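# Results of the structural survey
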Amino acid sequence: MDLNLTPQETKFRDELRAWLATNLPKDWDAWREKPLEESFPYLRAWQKKLSQDGWAAVSWPKEYGGRSATLMESAIFWEEMARVEAPPMANSLGLGLIGPTIIAYGTEEQKKRFIPKILSAEEIWCQGFSEPNAGSDLASLQTEARLDGDHYIVNGQKVWTSYGWVGNWCELVVRTDPVAPKHKGLTVLLVDMKSPGVEVRPLRQMTGESEFNEIFFRDVRVPAGNVLGKVNDGWNVAVSTLMYERGSYGARLHLIFTRNITRLIELSRKFLRNGKPASEDPVIRQKLAQCYAEIEIMRLNQMRAFSRITATGVPGPEGSIQKIFWSELNQRVQQLAQEILGPYGQLVAGAGHAVDKGIWSYGYLRTRGNTIEAGTSEVQRNIIGHFVLGLPRSY
Ligand SMILES: Cc1cc2nc3c(=O)[nH]c(=O)nc-3n(C[C@H](O)[C@H](O)[C@H](O)COP(=O)(O)OP(=O)(O)OC[C@H]3O[C@@H](n4cnc5c(N)ncnc54)[C@H](O)[C@@H]3O)c2cc1C
């Protein structure tokens, strides 16, 4: 792969830089450490601004409001966003996984109805997959949908639904054929979260926030026209969403990781270890350099994932490599932050002497979930073993 920029890529980068120079909000620093519930309208407004000039989903086809960006251009986009420490976009699930699934499987009417509002963050999306007894083994899910005239009647429960508290719409996987083998009787429905019978309950996390939720469905009526893909072919649709999730997340996370490692290097010069700046401690230096190198590896892995999507139009099981890598790396970076900061690393936002308004204690706790969300590390290893390496199934 030639990593030098072509004239077209240079033009793309310069256009983005010029746009960011004029439009990047100046007050993000004041907002970034606030709870998501408070900063959400801010992130929504930022995404809207990006979408108005075609920058919210550059890799999407032009006809759907993207820029049909190439692999390199997509990588340039995220690098530039990281360089200026841009705020993240509000509708991350809509942009990263659900929008691409609707583009791949949706009818023209569905694309026209949903895609523009995903881009503008006017409608926030959540992903209703996991249930209390169906996480890794998603195909065991029990939430059922029964056809009644031109509507499905949905009953059941989802859990761990990120953005459920703010979601306007949900990509919901339901069982439509209770007697078919478990992978065959599933269907994906696009569900309006304001429908009567939908109840969202927050789940409190160890970070103190309620980023995700339980959702209960009691006789919820969903128009039959809101089936995404084919009836009883929901497994393939859901797997596409998961592959987009695993394959595309690293790009956005690169932005956060770069900021974290840069900041940790600065902090290592201020915090002492054995009476000297931590940056002079050989073990800390090795660990910082290791994390720095691994963040670069993550970026290159991401380009490989983009390369696959560009070549085939869909993400592949290689996305699992990226998922394991970023989630475990994020935990290593946060662990290192605790080693550098010592007891100060445990201080939460609002506590006197909290470093960087408590982001390091928050980050340490939040990254525990990284190796579980979007499929656990064990499940990713099974996918890599079977689908990438061609090993026999382990179960
Ligand atoms: C921060 C966060 C956000 C999330 N957001 C969403 C969301 O928006 N929408 C959504 O639908 N879900 C979401 N989830 C749920 C997530 O997808 C599930 O937690 C995950 O798939 C694991 O399922 P489980 O919790 O039921 O664990 P289980 O499947 O019960 O797994 C328990 C343990 O057994 C191991 N295990 C299971 N099967 C195997 C196997 N075959 N081989 C080896 N080991 C195995 C697992 O690795 C794990 O260690 C989120 C989770 C987290 C932590």
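Fair warning: this is a prediction, and the values are worked out from it, not measured in the lab.

### Let's talk about the packing of helix α5 (residues 92-105) against helix α6 (residues 108-119)
Where α5 contacts α6, the axes come no closer than 10 Å and their chain directions differ by 165°. Overall, the two elements α5 and α6 adopt an arrangement that is roughly antiparallel. Two packed elements cross with a definite hand, and for α5 against α6 that hand is left-handed. Where α5 abuts α6, its residues G94, L95, G99, I102 and I103 lie against Q110, K111, F114, I115, I118 and L119.

### A short note on the pairing of strand β7 (residues 212-223)
Here nine bridges tie strand β3 (residues 151-162) to β7, and the two strands are oriented antiparallel to one another. Bridge pairing in β7 places T161 opposite N213. Sheet topology places strand β6 (residues 198-203) next to β7; six bridges connect them, and they run antiparallel. Pairing of E199 across the sheet is with F216, part of β7.

### A look at unusual backbone geometry
Of note, A121 is a non-glycine position whose phi angle comes to about 65°, a positive value. The topology assignment puts A121 in the loop between α6 and β1 (125-128). According to the relative accessible area criterion, A121 is buried, its value standing at 2%.

### Observations regarding the site of the ligand
Around the ligand there are 17 residues in total, and S130, S136, W160, T376 and E378 lie nearest to it. The contact in question runs from a nitrogen atom of the ligand to an N or O atom on the backbone of Q127, over 2.8 Å. Taking F129, its main chain carries an N or O atom lying 3.0 Å from an oxygen atom of the ligand. If the ligand stood free it would expose 970 Å²; the protein chains cover 68% of that surface. For the shell around the ligand, the secondary-structure elements that each account for two or more residues are β3 and α11 (377-388).

### As for helix α1 (residues 7-23)
Over its 17 residues, α1 extends 24 Å from the first C-alpha to the last, a length consistent with the 24 Å expected when each residue adds 1.5 Å. Along α1, the residues classified as buried are E9, F12, L16, W19, L20 and N23. Axial view of α1: buried residues confined to an arc of 100°, hence all on one face. In α1, the exposed positions that point more than 90 degrees away from the buried face belong to P7, K11, A21 and T22.

### Examining the domain arrangement of the chain
For the chain, the assigned domains read domain 1 (7-119), domain 2 (125-232) and domain 3 (237-388). Each of domain 2 and domain 3 was reduced to a C-alpha centroid, and the two centroids are 30 Å apart. Overall, the association of domain 2 and domain 3 removes approximately 970 Å² of surface from exposure, summing both partners, and the carbon and sulfur fraction of that is 66%. For domain 2, the biggest contributors to the area lost against domain 3 are Q127, M206 and T207; these three give 40% of the whole. Put simply, domain 2 and domain 3 have one salt bridge between them.

### Thoughts on the side chain of T241
Following the sequence through the fold, T241 ends up in helix α7 (residues 234-270). You can call T241 buried: its relative accessible area is 0%. Reaching out from T241, the side chain makes a polar contact with the side chain of E171 at a distance of 2.8 Å. What T241 contacts, discounting residues up to four positions off in sequence, is L97, T101, Q127, F129 and E171.

Parameters at a glance
Residues numbered from 1 in each chain as written. Predicted model: local features only at pLDDT ≥ 70, side-chain atom pairs only at ≥ 80, totals over all residues. Heavy atoms only, no water. Axes fitted to C-alpha atoms, helices over the stretch in contact; angles between N-to-C directions. Helix = DSSP H or I, 4+ residues; strand = E, 2+ residues; numbered from the N terminus. Parallel < 35°, antiparallel > 145°, perpendicular 65-115°, else oblique. Left-handed = near helix turned anticlockwise from the far one by under 90°. Contact = heavy atoms within 4.5 Å. Pairing = 2+ DSSP bridges. Buried < 20%, exposed > 50% of the residue type's maximum accessible area, 1.4 Å probe, protein only. Near = heavy atom within 4 Å. Polar contact = N/O pair within 3.5 Å; in protein donor to acceptor, adjacent residues only side chain to side chain. Areas by Shrake-Rupley, 256 points an atom, 1.4 Å probe, with all protein chains shown as cover. Expected span 1.5 Å × (residues − 1). Arc of directions from axis to C-beta. Domains from an automatic or database assignment. Buried area = accessible area lost by both parts, 1.4 Å probe. Salt bridge = Lys/Arg side-chain N within 4 Å of Asp/Glu carboxyl O.

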